[in-house]
Structure formats: structure tokens, C-alpha cells
Amino acid sequence: MNINKRSLSRSVFTAALALGLSAGVYSGARASEKSHPHWTYEGEHGPEHWGHMSGEYAACAGGKSQSPVDIKGYEDKDLADIVFNYKPSRINIVNNGHTIQVNYDKGSSIKVNGMEYQLVQFHFHDPSEHMVGGKSYAMELHLVHKNDKGELAVVGVLLESGKEDKAYGAVFANMPKKADEKKELKETVDAAALLPKTKTYYSYTGSLTTPPCTEGVTWLVLKTPVQLSEAQINAFKDIVGVNNRPVQPVNERKITADTVSK
Ligand SMILES: [Zn+2]
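Description of the structure in this document.

**Concerning the pairing of strand 5 (residues 100-103)**
Alright, step 1. Across 4 bridges, strand 4 (residues 89-95) lies against strand 5 in antiparallel orientation. Paired with asparagine 92 across the strands is asparagine 103, a residue of strand 5.
Alright, step 2. Taking the residues between adjacent antiparallel strands as the criterion, strand 4 and strand 5 are bridged by 4 residues, where glycine 97 takes a positive phi near 85°.
Alright, step 3. Direction of pairing for strand 5 relative to strand 7 (residues 115-125): antiparallel, over a ladder of 3 bridges. Its bridge partner lying in strand 7, valine 102 is registered against phenylalanine 122.

What follows is the structure, encoded as C-alpha cells:
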């Protein structure tokens, strides 16, 4: 593998982010931090090769509970509502070479199935990673949460082309253009305002959608899409481009669809 200095430093940086994200779920990563291979969304380091690039990425190829998935054949159930306790956060935004990520101030959380998870960061994919009944969306927002045990719960919001959404404005206006670039702003973003009004959801157990594809992630994909304007979607496209992992086999897993929001 031809690793030049730049791609090496980026992969170390990415590794640090991945660690922050999956600390507690993925153990033993710190010792081999410098050897995380560089991965991409196309070509020789693209999704179909992730699982073979490094032992540490093995779950990307061998895992039986991978994400994203095409959400279909689900079971309807009146699941307990997700309780969102989100507060506004300063905008600490980074272009990590794979996506635009906003690291969220402490103190925001969700409660689901009696478990509390703190909101750690949110980021975007273009086009959507999850599909619903074979349909793909323009983009997808992932709000990543972690509980005291280090277990992850990710809320997915499907984003479709339509009206401009001003709640996304401050983030989209400040996306760092280059990989490894960061911005810290005094301006705030309220994650609660990024969600659709109706919060019924699909639920299943899956994985991180990026290497190391760690499993045991609780996925909560909201059923109702949020609209962004074509200009907002294009602003992300111009900076990041395509960054979705293709859908993975559902295998033995059950997908549940929440039917009523009380
Ligand atoms: Zn994601």
C-alpha cells in the first residue's frame, strides 16, 4: 500500500476520531492507533475492501449485524417513544475527510428502553445510508449517542430535497472545506431543531457504518424525513461528495417499526 505522509496523518487523525466514537465498544485500538489503514468510499480502499484492509476492520466483511440496511419486512409495534433531552451546543465542527461532524457539548441525551445515552456528535452522509423499502434519500443525519457502558445508539434522520431548513443553516454555512480542518464557533446549534416533528422510528441492532464497523449499535431511524433545500444539499456535496456505505444483509435480525407516537 502506498501511504504518503498526508494520507498517513489523516488516517491517524481519523483513528483518533473513531476511538472517541467507539471507545469502550472497541477495545485494544489505542495500541495500534498508528496502523489504522486509510479508507475511502470508492476505489481500492472503498467499502467492499474495508474488511480485508486490516484485522481490526474484519467486522466490515465478516460481521452478521452490519449497517446500514434496507428497512423492509419489519414488524409493526407500538414502541416506547424516544425521549429527547437536547440543549443547544456551541458549534465545534470538523471535516474529518469522510464527513462533516459537529462535536456536541456535554449535557444532551436521549432515553430509550429505560437507558440514557449522551449525545456525542452528529454528522452527515450523502446520499442516505439507510434505504426504506428500496428507496434512498438525498442525505442522512446521524446523531451519535453513548451510554455509561460505552454502548452506542444512533438516531438517523432521512433528509430529502424540498424547502430550506434554517435550523441546519449555521452548520451548513460553516462546513470546513478541507480534510482535517476544524472550526470552533460561538454560534450555537440545537440538535432538537434538526429532528422532524413526528418521531416514530424504525429500530434494529447494527454497526458503525465506517471502519472498524463495530457491532452492538442500537439504530433508531426516524420514519419522517426532514426537508433541506437543493442549495443546502449541494453545499455538502461540493465539500464532501458521496459518502454512503452500501446497504448490508439483514440476516437473522428483526427490524421493528414504531406505529404510534404518543
Ligand atoms: Zn454516520
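**Focus on the nonpolar core**
Alright, step 1. Among the nonpolar cores identified, the biggest contains 57 residues, and Met139, Leu143, Val154, Val157, Leu159, Leu220 and Phe236 are the most heavily contacted of them.
Alright, step 2. With near-sequence residues (within four places) excluded, phenylalanine 236 lies in contact with Ile100, Phe124, Asp126, Met139, Phe172 and Met175.

**Focus on unusual backbone geometry**
Alright, step 1. With omega at 0°, the peptide bond leading from serine 67 into proline 68 counts as cis.
Alright, step 2. Considering the arrangement of structural elements, one finds proline 68 in the loop between helix 3 (59-62) and strand 1 (70-71).
Alright, step 3. A cis amide bond links proline 211 to the next residue, proline 212, at an omega of 10°.
Alright, step 4. The phi dihedral of cysteine 213 is positive, around 55°, even though this residue is not glycine.
Alright, step 5. With respect to the helices and strands, the residue cysteine 213 is situated in the loop between strand 12 (201-207) and strand 13 (215-222).

Cut-offs used in this document
Residues numbered from 1 in each chain as written. Predicted model: local features only at pLDDT ≥ 70, side-chain atom pairs only at ≥ 80, totals over all residues. Pairing = 2+ DSSP bridges. Helix = DSSP H or I, 4+ residues; strand = E, 2+ residues; numbered from the N terminus. Core = buried A, V, L, I, M, F, W, Y, C linked by C-beta atoms within 7 Å. Buried ≥ 20, exposed ≤ 12 C-beta atoms within 10 Å, placed from the backbone. Contact = placed C-beta atoms within 7 Å.

That is the geometry; function is a separate question.
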